[in-house]
Amino acid sequence: MPDYKVYYFNVKALGEPLRFLLSYGNLPFDDIRITREEWPALKPTMPMGQMPVLSVDGKKVHQSVAMSRYLAKEVGLSGADDWENLMIDTVVDTINDFRLKIAVVSYEPDDDVKEKKLVTLNSEVIPFYLEKLDDIARENNGHMANGKLTWADLYLVAILDYLNYMTKSDLVANHPNLQNVVENVTSIQSVKNWIDKRPQTMPMGQMPVLEVDGKRVHQSLAMCRYVAKQIGLAGANPVEELQVDAIVDTINDFRLKIAIVAYEPDDLVKEKKMITLTNEVIPFYLTKLNVIAKENNGHLVLGKPTWADVYFAGILDYLNYLTKTDLLTNFPQLLEVVNKVLENENIKAYIAKRPVTEV
């Protein structure tokens, strides 16, 4: 039996079809999950400097669909002839086209452009593909090709969590025939065994994550809001909670506008965006927030300590890192907000013991 290794990050996404297929065939494999810190050193050893990668007896190959097709042959999930294989390939390629159309919008760095693209994605692209795929599943009796179980079924089900993550939805919720495909795959005992034992990845494949009594949740603002309620910093009533949320969302808008520029991959585009960010966006937000802090006696809302103050002070180092500046140099009221937070004895104690990091 060949020695199989799957190299990927600790997420499902494009690596999960490989893991599903190997598990379906009860083929032992090393599930090697690379951390973001390990990746730069490992990247040059990968065929195209990317993952997932499948190693077969020490030979490394890339391209998730090609690897899935190979494994399908090994575990008996290919077609019986060239025509059946063509039917499988057309469906898998369609699923992959669907994934790419979603990804182009999901990873769009410009918020304004992304908002426009989302309209078309949600109103046209997603309904079109799901209706077509649901029809295919209906015509094939709960399968995606040839009226029987093939690797097209496993590929769809394995990648579905990733599609749901990018669209922030349950894509098959209103498509019963696709639900049948999911049920047909996840009820296979060898696949079920994999799902039960696979490492727990972060919710939606991202961090930070808060764990409460073993339950993991994501989304930083939602987590902060929850913790703030537990410690009495969320506001005394719904109106106060709303006022706090409004300020926190404004700070987060500010963060996103900075991040879009800081992480722009094209240097020429970044240089142009940086002019607007430095001359308009940053001064606008900081001036507004500074006035708010002055009106609230050194706090950001309600004239008293809330989680808006803590959130701002907690994220300031990151904003300074992204902008390569000391943002509060000319904004004394905002500096007062931060200092009041840092004077809290419990926060002082945390800062004194926290690990030293760049950001």
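For the structure, check the block above.
Just so it is clear, the model here is predicted, and its values are computed rather than measured.

**Here's the deal with the overall build of the protein chain**
Tallying secondary structure elements over the protein chain gives 14 helices and six strands in all. Viewed in the frame of its principal axes, the protein chain has a C-alpha envelope of about 75 × 45 × 45 Å. In the protein chain, which comprises 359 residues, the proportion classed as buried is 42%. Summarising the internal contacts of the protein chain: among those between residues at least 6 apart in sequence, 65% fall at separations of at least 24. Carbon and sulfur atoms form 53% of the exposed surface of the protein chain, whose accessible area is close to 19,700 Å². Here the protein chain carries 39 positive and 49 negative side-chain charges, and the mean point of each set is 3 Å from the other.

**Details of the pairing of strand 2 (residues 29-34)**
With six bridges joining them, strand 1 (residues 4-9) and strand 2 adopt parallel strand pairing. Residue pairing for strand 2: Val6 is matched across the bridge by Asp31. Handedness of the crossover joining strand 1 and strand 2 through helix 1 (residues 16-24) is recorded here as right-handed.

**Topic: the packing of helix 1 against helix 8 (residues 189-197)**
The N-to-C vectors of helix 1 and helix 8 enclose an angle of 130°; their axes lie 8 Å apart at closest approach. Considering the angle they form, helix 1 stands oblique to helix 8. For the pair helix 1 and helix 8, the sense of crossing is right-handed. On the side of helix 1, the interface is formed by Glu16, Arg19, Phe20, Ser23 and Tyr24, while helix 8 contributes Ser190, Val191, Trp194 and Ile195.

Conventions adopted
- Residues numbered from 1 in each chain as written.
- Predicted model: local features only at pLDDT ≥ 70, side-chain atom pairs only at ≥ 80, totals over all residues.
- Heavy atoms only, no water.
- Helix = DSSP H or I, 4+ residues; strand = E, 2+ residues; numbered from the N terminus.
- Buried < 20%, exposed > 50% of the residue type's maximum accessible area, 1.4 Å probe, protein only.
- Contact = heavy atoms within 4.5 Å.
- Areas by Shrake-Rupley, 256 points an atom, 1.4 Å probe, with all protein chains shown as cover.
- Lys, Arg positive; Asp, Glu negative; His and termini not counted.
- Charge placed at Lys NZ, Arg CZ, Asp CG, Glu CD.
- Pairing = 2+ DSSP bridges.
- Right-handed = clockwise from strand over helix to strand, strands pointing away.
- Axes fitted to C-alpha atoms, helices over the stretch in contact; angles between N-to-C directions.
- Parallel < 35°, antiparallel > 145°, perpendicular 65-115°, else oblique.
- Left-handed = near helix turned anticlockwise from the far one by under 90°.

Taken by themselves, the reported measurements are silent on function.
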